[in-house]
Amino acid sequence: MAEAKLIDGKVFAAGLRARVGAGVAELHAVTGIKPGLATVLVGDDAASQVYVKSKGRVAAELGMASFDHRLPASTTELELLQLITRLNKDPAVHGILVQLPLPKHIVTPDILLAVDPDKDVDGFHPMNVGRLGSIASGAPLDFPVPCTPLGCSMLLADALGALSGRHAVVLGRSTLVGRPVAQLLLKADCTVTIAHSRTRDLPALCRTADILVVAIGKPAFVRGDWIKPGAAVIDVGINRISAGDSKTRLVGDVAFDEARAVAGHLTPVPGGVGPMTVACLMYNTLQEARRRAGLPFTAV
Ligand code: NAP
């Protein structure tokens, strides 16, 4: 059997960013509105600093306004809520991203609930979680959807076309990735099975999948002989492992070389799902700015 076709998330994300950039320019030309993304970082977590910096940089590259709020780790929940209230009211801000994880003394659900659902470009507000959970298969996705799951569904639709009727197994049930991915695939008329750490006989279940999305955070956990020949495999995992000589490298949750010999389509790590997250954040921010202008969501 031929090797799996690699799904190039870097190329797809670059194309999506370019289309969002064109959408930003068009919105500005027609309405004078410049989409604005506010990022909020509490504390000095090194990885979070890198993520927030890259989100602000990409927003600026696409012609958006970027508002960077960095607060000390000692910030109280009340102070953070006050900032979110200000951003909710600020007409120049169309998207609010509160970088997670927050320091332990702040109750994360309280913060996610405080963000205006129409500025919730991460799609984590309970109202947007509920909208995704109850959406009908033919209805438009005209509300913010979590970025990494949205990226997975865009890559799958691009690689496979119609997903209707396929059996999708989603390995992982987090609110960040697994559950919203499963809901998006259900909306695309897949038959969806969600698996997790208590699922029995994972290899046998995975072998029934036409589409296998893996988001568990365990390096090379899914082996080649778990994969149905020709299946599409989306590897969301990002794991840093030792590469000897005190060096490290990133690997996914799927044993890449083994999967490549069996699958029909496969995302690499890095360069698969990873680049889609920030591109989809920009997509969501553009859509919320369009909503503010009274314009409909648009597929870009
Ligand atoms: P998470 O919140 O830790 O959830 C992990 C899920 O995997 C849980 O549902 C857990 O099951 C399940 N799981 C853990 N061990 C398992 C096992 N041995 N067998 C079966 N299921 C198992 O992780 P997450 O936030 O969803 O992230 C998952 C991975 O995706 C991580 O590597 C993360 O870095 C990566 N990620 C990438 C992006 C991106 O590409 N931009 C974005 C987000 C996350 P239980 O519910 O039963 O505990």
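Residues numbered from 1 in each chain as written. Predicted model: local features only at pLDDT ≥ 70, side-chain atom pairs only at ≥ 80, totals over all residues. Heavy atoms only, no water.

Colleague: Please set out the sheet that holds strand 3 (residues 65-71) residue by residue, giving values where relevant.
Modeller: Taken in spatial order, the three strands make up an open sheet running 3-2-4, and their pairing is parallel. In this open sheet, the two edge strands, each paired with only one partner strand, are strand 3 and strand 4 (95-98). If you compare each strand with its neighbour and ignore which way they point, the axes differ by 15 degrees on average. Taken together, the seven bridges between strand 2 (residues 36-42) and strand 3 define a ladder with parallel strand orientation. Directly across from Val42, in strand 3, lies its bridge partner Leu71. Helix-sheet contacts for helix 3 (residues 77-89) involve strand 2, strand 3 and strand 4, and the interaxial angle to strand 2 is about 180 degrees. Against the sheet, helix 10 (residues 274-292) engages strand 2 and strand 4, with an angle of about 125 degrees to strand 2. (Pairing = 2+ DSSP bridges. Helix = DSSP H or I, 4+ residues; strand = E, 2+ residues; numbered from the N terminus. Axes fitted to C-alpha atoms, helices over the stretch in contact; angles between N-to-C directions. Contact = heavy atoms within 4.5 Å.)

Colleague: I'd like a description of the sheet that holds strand 8 (residues 232-235), backed by residues and values.
Modeller: The six strands lie next to each other as 1-11-8-7-5-6, forming an open sheet whose pairing is parallel. Each having just a single partner strand, strand 1 (5-6) and strand 6 (191-195) make up the two edges of the open sheet. Bridging between strand 1 and strand 11 (residues 265-266) involves two bridges; their strand directions are parallel. In the sheet register, Leu6 faces strand 11, and the bridge partner there is Leu266. The sheet strands contacting helix 6 (residues 147-160) are strand 7 (211-214), strand 8 and strand 11, and the helix crosses strand 8 at an angle near 155 degrees. Sheet contacts for helix 7 (residues 178-187): strand 5 (167-171), strand 6 and strand 7; angle to strand 5, the most-contacted strand, approximately 170 degrees.

Colleague: Kindly report on the domain arrangement of the protein chain, identifying the contributing residues and their values.
Modeller: Taken as a whole, the protein chain is organised into domain 1 (32-116) and domain 2 (146-274). A straight line from the C-alpha centre of domain 1 to that of domain 2 covers 29 Å. (Domains from an automatic or database assignment.)

Colleague: I'd like a description of the packing of helix 1 (residues 9-31) against helix 6, backed by residues and values.
Modeller: Their axes nearest at 11 Å, the elements helix 1 and helix 6 cross at an angle of 105 degrees. By the criterion of interaxial angle, the relationship of helix 1 to helix 6 is roughly perpendicular. Between helix 1, through Gly9, Phe12 and Leu16, and helix 6, the contact on the second element is made entirely by Met154, Leu155 and Asp158. For the contact of helix 1 with helix 6, the class distribution of residues is four nonpolar, one polar and one charged. (Parallel < 35°, antiparallel > 145°, perpendicular 65-115°, else oblique. Nonpolar A, V, L, I, M, F, W, Y, C, P; charged D, E, K, R; others polar.)

Colleague: Tell me about the nonpolar core, and name the residues and values.
Modeller: Counting 50 residues, the largest nonpolar core has Val20, Leu156, Leu185, Val213 and Met282 as its most contacted members. Those elements that provide at least two residues to this core are helix 1, helix 2 (46-61), helix 6, strand 5, helix 7, strand 7, strand 8 and helix 10. Looking at this core, the element that brings in the most residues is helix 10, giving nine residues. Among the nonpolar cores identified, the runner-up in size contains 20 residues, and Leu205, Cys206, Ile227 and Ala259 belong to it. (Core = buried A, V, L, I, M, F, W, Y, C linked by side-chain atoms within 4.5 Å. Buried < 20%, exposed > 50% of the residue type's maximum accessible area, 1.4 Å probe, protein only.)

Colleague: Just give me the short version of the pairing of strand 8, but keep the residues and values in it.
Modeller: Residue alternation in strand 8 divides its side chains into two sets, Ala232 and Ile234 and Val233 and Asp235, and both sets are buried. As judged from the four bridges shared by strand 7 and strand 8, these two strands associate in the parallel manner. Bridging from a neighbouring strand, Val213 pairs with Ile234 of strand 8. Pairing geometry for strand 8 and strand 11, over two bridges, is parallel. Each residue of the ladder has a partner; that of Ala232, found in strand 11, is His265.

Colleague: Outline the pattern of salt bridges, listing residues and values.
Modeller: Using the criterion set out here, one finds seven salt bridges in the structure. Between Arg223 and Glu258 there is a salt bridge, and its shortest N-O distance comes to 2.4 Å. Of the two residues, Arg223 is situated in the loop between strand 7 and strand 8 and Glu258 in helix 9 (residues 256-260); the sequence distance between them amounts to 35 residues. Through salt bridges with shared partners, one network takes in Asp118, Glu288 and Arg291. (Salt bridge = Lys/Arg side-chain N within 4 Å of Asp/Glu carboxyl O.)

Colleague: How would you explain the site of the ligand if you had to name every residue and give the values?
Modeller: The immediate surroundings of the ligand are formed by 22 residues, with Arg173, Ser174, Ser197, Ile238 and Thr277 found nearest. Between an oxygen atom of the ligand and a side-chain N or O atom of Ser174, the distance comes to 2.5 Å. Val236 places a main-chain nitrogen or oxygen 3.5 Å from an oxygen atom of the ligand. Relative to its unbound accessible surface of 930 Å², the ligand loses 71% to contact with the protein. Taken together, the residues of the shell around the ligand sort by class into 10 nonpolar, 10 polar and two charged. (Near = heavy atom within 4 Å. Polar contact = N/O pair within 3.5 Å; in protein donor to acceptor, adjacent residues only side chain to side chain. Areas by Shrake-Rupley, 256 points an atom, 1.4 Å probe, with all protein chains shown as cover.)

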